[in-house]
Amino acid sequence: MNPERWARVKDLFRAARELPEERRERFLVEACADDPDLRREVESLLRHDRPETILAAEGPPRPPRGGETAELRMSLAEDEGRTLLRRGRRLKVLTVVATLVLVGVGLWIHARVAASLGHSVRAQLVTSLEQTLRAVRLHFEDERERVRVLARDPDVVAAAEGLCAVDRSDGRDPAALARELEAAAGNALAHRDLDSSFQTDDLLGWYLADRAGLLLALGERGAPDAGVDERIRPGQRVPARLLGWLERAFGGEAFLTPPLPVERPRARGALDRVVLSAWSPVADQGGRIVAVLVLALDPARAFTPILDTARLGATGETYAFDERGYMLSESRFLDRLRAVGLVPDGDGTTAILRVRLLDPGRELRPGEALPADLAARPKTHMLRAALAHRDVLDADVDGYRDYRGVPVAGAWTWLGDLGFGIATEQDLGEAYAPLASLERSFLILFALLVVAVGFIVTSSWSILKLERRVEAAEQIGPYTLLRRIGEGGLGEVWLADHRLLQRPTAIKLLKADVVNAETLRRFEREVRLTSTLTHPNTIEIYDFGTTRSGTFYYAMEYLPGLTLFELLRLEGRVPPGRTVHLLGQVCASLAEAHAKGLIHRDLKPQNLMLCERGGRFDVVKVLDFGLVKQLTSDVERTAPEQLAGTPMYIAPERLLDPSRVDARTDLYSLGTIAFNLLSGSQPFPGTTSVEICTRIVEDEPARLDAIEDLALPPALVDLVARLLAKDPDARPPSAAAVAAELAALAVPAWSAADAEAWWRTHRDELPSLAREALGQDAAQPVPASGKAATSV
C-alpha cells in the first residue's frame, strides 16, 4: 500500500474510531466523498478493530528499507508513541479513579462510624442524665419527708406552740425578747435534743420562725445557715429574700430550696458558705400552722455526691446550675479552676455559686491570664439551650465549649419544679476516642495507597518521557509545537516556534468533529480574507494549512496579555477614560474589517486582548476576526440556548433574522462591552441563555445613568444607549463614527504612563500570560487549562 494512502487511512480510522456510532457514517461520507475505495478500507478496519489493527506497532506492510522515506519513519514512530501514550493515559486515569474511589469509601466509612459513635455518645449522656435526675428527685423527696417527720414531732410542736405564746409585739425590747424566747425554747426542749432527730453529717443547723418571719429558736450546731447571718439571735427577723420561701411554707408545703449563699458582714459581703435548706410547716393540735421549721444542709455533702456518681470516664462531670448560670454543685475540676484563677486558691474555697457558665472563647490554661472580657462573654451553648427550652431534656454531641473553654459533648435539662438545671458533659476528645483510632488506621491505609500510586507512577515514567518527546517533536509545517496554552469548543491553541525565524507563534488546531469538507473550504476562504487585515489592533495571521492527518490549522501572532474579561474580574469597573481609550482601538480594528466586508459576529470581552507592544501597554488586539461567520451559520437557526457564542452579546436581529446581520451587529456587541466596562454589570442580566435572549428581544436595556453610584458624561451614556438600540437603524452608522464620538468625549485622558503604571501596580494579580508581557514568568509553562493567547 502507498505510504501516503496508508497514512490517510490511519488518520481517518483514528478520527472515526473516537466518534460515537451514530456520527461515524456522516463523517466518512463527508471525508471520503471523492474516494469510495478509501471509505471502504476505513470501514473494514472499523469492523475488524482489535489490537492487531493499524494501531499495532508493526503497522502495514512496509516498503523495502531503502525505499523508506524519513517522513514515513517519523510517522510510524509517532504512531507507536501515541499508542503507548494512550495506554499510559489510561493507566493514569485508572489510578486516579481507584484513588478517588478508595478515598471516597474511606470518607464514607469515617462519616458512618462518626455518626454511629455520635448516637452512642448521645445515648450514654442522656442515660446518665436520666439516672441522675431520678436520684436527685428521690433525694429531694427523702429530705422533704425527713423535715415533715421532724416538724410533726410532738416536742417540736409543743416548743413551737410555747414560743408562739411569748409576747412578740413590736414594742418590746429586742434583747429582752431574745432572752425570753431562748428561755422558752430551752424549757420546751429541755428533755429533747432536736439535733439527735436528724443525725446526718450534712446538717448545719435549724431554726423555727413564725408567720411574720420572726426567729423563735435556733439550732445548737451554730448559725441558721439557710441564708441567715451568724450573729442573728431569736427575736430578729429572717432576711427579706427568704420571705417568699416562708410564705410558701406557711401555705402548707414542705420543700427544698436550691443552694443559696450566706453572706457574713465581717467578711464584707464575700461569699462564705452555701447552704441547701429544707422547709416544713409546724401545725398545732388543731391543725393550724403556727411556725415553720427550716433545716440548713451542706450541699457539698447532701447534693454534690449524688451528681458525682454520674461522672463518665476521666473527664465527665455532672453539675447543677441556677437561672443566672452559677454552679450549684462542686466542680470535678476544682483544682484546675483554682490554677487558672476562676476560683480563689485555698482549701476551703468552692466552685459553688462562684463559677458562672460562660464561654471564655478559648481553653483556659494555668499560667495564662483570664480573658479581660470574661464577665461579658456569652453563656455556654448548654446554658442558653437549657433556659430557652425548659423542662426539655436535650443533648449536643457535635461539640461546644464549656466554662473551662474545653470542647465537650453534653446533655442537659431544666427542672422547673425544683428551680435549677442539671447537665452531664464529657470532653469531646475522650467521647470520640474510638474515632481517633479509626482515623489513625485510615492514615496508615492511605499511606500504603500513596506508596502504591508512587510505584505505578514510577513504572510509567518512561511513558511520560515518551509523551514529552513526542509532543516536543510534533511538527506542523515549519512550526514546532511547544505546549498547549488553551482549549475550547472549536479547537486547541498551542505555543509554537518557527523553525527558521525562531519566534513564538500561536497555532490554532481545529477539532475534526466540528468541521467537514464544506466548512473547511469556507474557513480557508475567510482565513485568507482575515489575513488581509493589517490594522495594528487586529491580530495578525501568518499562515494556515492542513496537517498530515487532515487537521486544519492557522498560525497567528503570540499575544501575552489579559482579556477584557479578566480585566473586569480584576477591576469590577473600568474608569471612563480608560474605557474610551480601549473602545477607540476596537472601533479602529472594526472599521478596517467592515470596510472589507468582514463582520466579527462574536465580539465579546474574551475576544479582546490587552497586550504590551513596542513598550506601550493597554494595546488592544481583536481576536478571531471573521472566523466564526461560516462555522455558526447553521447553528443560528436553532433554539436560543444552542446559539454559538455568548448570548448576552448577541444583537436582537441576529436572534430574530440571521440573514439581516451587518456591521451594526458588531456595534451592538460593542455597546454591551462598553456597558460591562463602565458599570461592571450586564444590560440584560439573566441566569439562563433562554432568559437572556428573551430579554434582549423584548425588553429595553438598562441605562448607565440609572445606576446610582455611577457618574458618567451624558454624551457617553447616550452613545452606549444608541449602540444598544434594538433597531439597527437607530445605532451609529459605522465603527468609524463611534470612534469619532469617543474621541470627542470630555473624559479624563488615559495616557501611556497611566497604562504602564496600572500593569506594574497589578503585577501580582495578573494572569501568567500577562505577567509574561512584563518580562516575568516567561520561562514558566502555562497549564493546559490556562487562558489562551487567543480565544478558542
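See the structure printed just above.
Residues numbered from 1 in each chain as written. Predicted model: local features only at pLDDT ≥ 70, side-chain atom pairs only at ≥ 80, totals over all residues. Heavy atoms only, no water.

Caption draft 1: Geometry of the overall build of the protein chain. On a plain count of helices and strands, the protein chain comes out with 24 helices and 19 strands. Here the protein chain, with 792 residues, has 48% of them falling under the buried criterion. Counting only contacts in the protein chain whose residues sit at least 6 apart along the sequence, the fraction spanning at least 24 positions is 62%. Of the roughly 37,500 Å² of accessible surface on the protein chain, a fraction of 54% belongs to carbon and sulfur atoms. (Helix = DSSP H or I, 4+ residues; strand = E, 2+ residues; numbered from the N terminus. Buried < 20%, exposed > 50% of the residue type's maximum accessible area, 1.4 Å probe, protein only. Contact = heavy atoms within 4.5 Å. Areas by Shrake-Rupley, 256 points an atom, 1.4 Å probe, with all protein chains shown as cover.)

Caption draft 2: Structural context of the sheet that holds strand S16 (residues 552–557). Pairing is antiparallel in the open sheet, where six strands are placed in the order S11-S12-S13-S14-S16-S15. With one partner strand each, in any of the chains shown, strand S11 (475–476) and strand S15 (541–546) form the two edges of the open sheet. Where strand S13 (residues 491–498) and strand S14 (residues 504–510) come together, seven bridges link them in antiparallel fashion. Its bridge partner being in S14, Glu492 is matched across the sheet by Leu509. (Pairing = 2+ DSSP bridges.)

Caption draft 3: Highlighting helix H20 (residues 689–698). Listing the buried residues of H20 in full gives Ile692, Cys693 and Ile696. Buried residues of H20, viewed axially, fall in a sector of 95 degrees; they line one side. Among the structural elements, helix H18 (652–656) and helix H19 (663–679) are those in contact with the buried residues of H20. (Arc of directions from axis to C-beta.)

Caption draft 4: Spatial organisation of the packing of aromatic side chains. Counted by the stated rule, this structure contains ten aromatic pairs. On the numbers, 5.8 Å between centres and 35 degrees between planes, the contact of Trp245 with Phe255 is tilted. Of this pair, Trp245 sits in helix H7 (residues 243–250) while Phe255 sits in strand S3 (residues 255–256), placing them ten residues apart in sequence. Since its relative accessible area comes to 2%, Phe255 is described here as buried. Between Phe617 and Trp759 the ring centres are 5.3 Å apart and the planes differ by 45 degrees, which places this aromatic pair in the tilted class. You can see Phe617 sitting in strand S19 (residues 616–622) and its partner Trp759 sitting in helix H23 (residues 752–761), a full 142 residues away along the chain. Residue Phe617 is classed as buried on the basis of its relative accessible area of 8%. Through successive ring pairs, a cluster of aromatic residues spans Tyr319, Phe321, Tyr403 and Trp414. The ring centre of Phe333 lies 3.9 Å from the NZ or CZ of Arg404, which sits over that ring. The ring of Trp758 carries the charged tip of Arg578 above its face, separated from the ring centre by 4.1 Å. (Phe/Tyr/Trp six-rings, centres within 6.5 Å; stacked < 30°, edge-to-face > 60°. Lys NZ or Arg CZ within 6 Å of the ring centre and 35° of its normal.)

Caption draft 5: Structural context of the nonpolar core. Counting 60 residues, the largest nonpolar core has Leu704, Leu742 and Trp759 as its most contacted members. Apart from residues lying up to four places away in sequence, Trp759 is in contact with Gly561, Leu562, Arg578, Leu610, Cys611, Phe617, Asp618, Leu766, Ala770, Ala773 and Leu774. By size, the runner-up hydrophobic cluster in this structure holds 57 residues, among which are Val126, Val157, Ala185 and Phe420. (Core = buried A, V, L, I, M, F, W, Y, C linked by side-chain atoms within 4.5 Å.)

Caption draft 6: Up close: the sheet that holds strand S18 (residues 608–613). Overall, antiparallel pairing links the three strands, which are arranged S17-S18-S19 in an open sheet. The sheet is open, and its two edges are formed by strand S17 (561–563) and S19, each paired on a single side. On average, each strand axis in the sheet is inclined to that of its neighbour by 30 degrees, with strand direction left out of account. Taken together, the three bridges between S17 and S18 define a ladder with antiparallel strand orientation. Note on S18: the bridge partner recorded for Gly561 is Cys611. The strands touched by helix H16 (residues 564–571) are S17 and S18; relative to S17, the strand with the most contacts, the crossing angle is about 85 degrees. (Axes fitted to C-alpha atoms, helices over the stretch in contact; angles between N-to-C directions.)

Caption draft 7: Here's a closer look at the packing of helix H17 (residues 576–595) against helix H22 (residues 735–744). Where H17 meets H22, the axes come as close as 8 Å, and the angle between the chain directions of the two elements is 155 degrees. Our classification of the angle between H17 and H22 gives roughly antiparallel. Between H17 and H22 the crossing geometry is left-handed. Facing Val580, Leu583, Gly584, Cys587, Leu590, Ala591 and His594 of H17, the residues of H22 in contact are Ala735, Ala736, Val738, Ala739 and Leu742. In the contact of H17 with H22, the residues fall into ten nonpolar, two polar and no charged. (Parallel < 35°, antiparallel > 145°, perpendicular 65-115°, else oblique. Left-handed = near helix turned anticlockwise from the far one by under 90°. Nonpolar A, V, L, I, M, F, W, Y, C, P; charged D, E, K, R; others polar.)

Caption draft 8: View of the packing of H17 against H19. Running from N to C, H17 and H19 cross one another at 165 degrees; their axes reach a closest spacing of 11 Å. The pairing of H17 with H19 is recorded here as roughly antiparallel in orientation. By crossing handedness, the relation of H17 to H19 is classed as right-handed. Touching Pro576, Thr579, Leu583, Val586, Cys587, Leu590 and His594 of H17 are Ala663, Asp666, Leu670, Ile673, Ala674, Leu677 and Leu678, all from H19. Split by residue class, the contact of H17 with H19 holds eleven nonpolar, two polar and one charged.

Caption draft 9: Just the pairing of S16, in detail. Burial of S16 is extensive: six of the six residues sit out of reach of the surface. Both S14 and S16 contribute to a ladder of five bridges, which runs antiparallel. For Leu509, the partnering residue across the bridge sits in S16 and is Tyr553. Strand direction decides the pairing type here: S15 and S16, joined by five bridges, are antiparallel. Paired with Gly545 across the bridge in S16 is Tyr553.

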